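# Examining the three-dimensional arrangement
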Amino acid sequence: SMEIDCIGTGLDVECVVNTSDDSSQLTEKESRQSEMAAKDYVRKVLEFGVLISPFFFWGTAMVAMKEVLTRAGPFFVASFRLIPAGILLVGFAVSTGRKLPSGFNAWLSISAFALVDAAFFQGFLTEGLERTSAGLGSVIIDSQPLTVAILASLFFGESIGYTGIIGLVLGVLGLLLLEVPALKFDADNFSLWGSGEWWMLLAAQSMAVGTVMVRWVSKYSDPVMATGWHMVIGGVPLLAISYLNNDPALSNFGNLSTGDAAALLYTSIFGSAVSYGVFFYNATRGGLTKLSSLTFLTPMFASAFGFICLGETFTALQLAGA
């Protein structure tokens, strides 16, 4: 808006136009809107970062585990990845006022969850990681969204659709290209159990079943609290197997280097406590198939850091499968 002041003397008239402060008010409003938009953008970026953080930590943890596996022993690494991380997660849950599990159904569901998603998954993973590269192993193990999509469709009615079915078929073909060339075929001695790729496939199925189980577990327990306890409970049998297996770390823990200790701590804190807590918390809030499909990011991180840190590569056929 404008104000016009005119002064007239005879036939001469002088007019002065004065603008109001609306333009400055509009500029201030636009500034506030721009600030809010920037804050919203930062919030969305942070949310996305939190969403994909488990897959970054899982991928890089595979590289850290591969590096220390032979010096510490597979089952010790598996148990160390679970037990300290589980204790940290339970402590965090208690400090934030989350309720401890109570009742038969709560502990039964957590124990079953621990057996499948902790003991089986980590045991199969470390056995497979001894026999294959971190990058290839991660690609195979994170094929579990294929199984999750099928199980979520059967048990929770989540829709796959024609595009999803095509994606599943392509995923299976990719797995065949990854795994079949690596299996040890011999006319006289066929060794499926000697194949790291086979162990990784078993680990993938364990994680897939565990991902579906978490909704059952969360009916009776807080998801973060349950995740912590399932890691502690699932790590105990792995520690027992490590003792019976005479893993090097139990008898000569002092011989591990500072780098080995750092790799173990990174695997436990970030590769388990933080990543599993965030992942299973998100699993109770959104679609399992959509969330689980983000695990395809894990082998990207594992392959990149495996190449940088360990010099790992794929064959041409395996790269096509990946």
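Residues numbered from 1 in each chain as written. Predicted model: local features only at pLDDT ≥ 70, side-chain atom pairs only at ≥ 80, totals over all residues. Heavy atoms only, no water.

Stated formally: UniProt positions are given in the numbering used here, feature names are shortened, and annotations may be inferred rather than shown by experiment.
Identification of the protein chain as EamA domain-containing protein from Genlisea aurea is taken from an unreviewed UniProt entry. Listed under Sequence similarities (unreviewed entry) in UniProt, the entry text for the protein chain is "Belongs to the drug/metabolite transporter (DMT) superfamily. Plant drug/metabolite exporter (P-DME) (TC 2.A.7.4) family." As recorded by UniProt, the Subcellular location (unreviewed entry) comment attached to the protein chain reads in full: "Membrane".

### Focus: the UniProt feature "transmembrane region" (unreviewed entry) in the protein chain
Basically, it comes down to this: A helix here means a DSSP run of H or I that spans at least four residues, while a strand means a run of E at least two residues long, and both kinds are numbered starting from the N terminus.
With numbering aligned to this structure, UniProt lists the feature "transmembrane region" (unreviewed entry) at residues 45-63, 75-94, 106-125, 146-178, 198-217, 224-244, 264-284 and 296-320. Its end C-alpha atoms 28 Å apart, residues 198-217 is made of 100% helix and 0% strand. Helix makes up 95% of residues 264-284 and strand makes up 0%, while its end C-alpha atoms are separated by 29 Å.

### A closer look at the side chain of threonine 211
The criterion, for reference: Polar contact is the term for a pair of N or O atoms within 3.5 Å; when the atoms are in protein, one must be able to donate a hydrogen and the other to accept it, and sequence-neighboring residues count only if both atoms are side-chain atoms.
By secondary structure assignment, the location of threonine 211 is in helix α7 (residues 196-217). At 2.8 Å, the side chain of threonine 211 forms a polar contact with the backbone oxygen of methionine 207.

### Section: helix α5 (residues 144-156)
Counted only if it meets this: Between the first and last residue of a helix there are one fewer steps than residues, each counted as 1.5 Å, and that sum is the expected span. Burial status follows relative accessibility: with a 1.4 Å probe on protein chains alone, a residue under 20% of its type maximum counts as buried, one over 50% as exposed, and anything between as partly exposed.
Between its first and last C-alpha atoms α5 spans 17 Å; for 13 residues at 1.5 Å apiece the expected length is 18 Å, and the two agree. Along α5, the positions that sit buried rather than exposed are Gln144, Pro145, Leu146, Thr147, Val148, Ala149, Leu151 and Ala152. In the segment just after α5, glycine 157 is the residue with positive phi, at about 70°.

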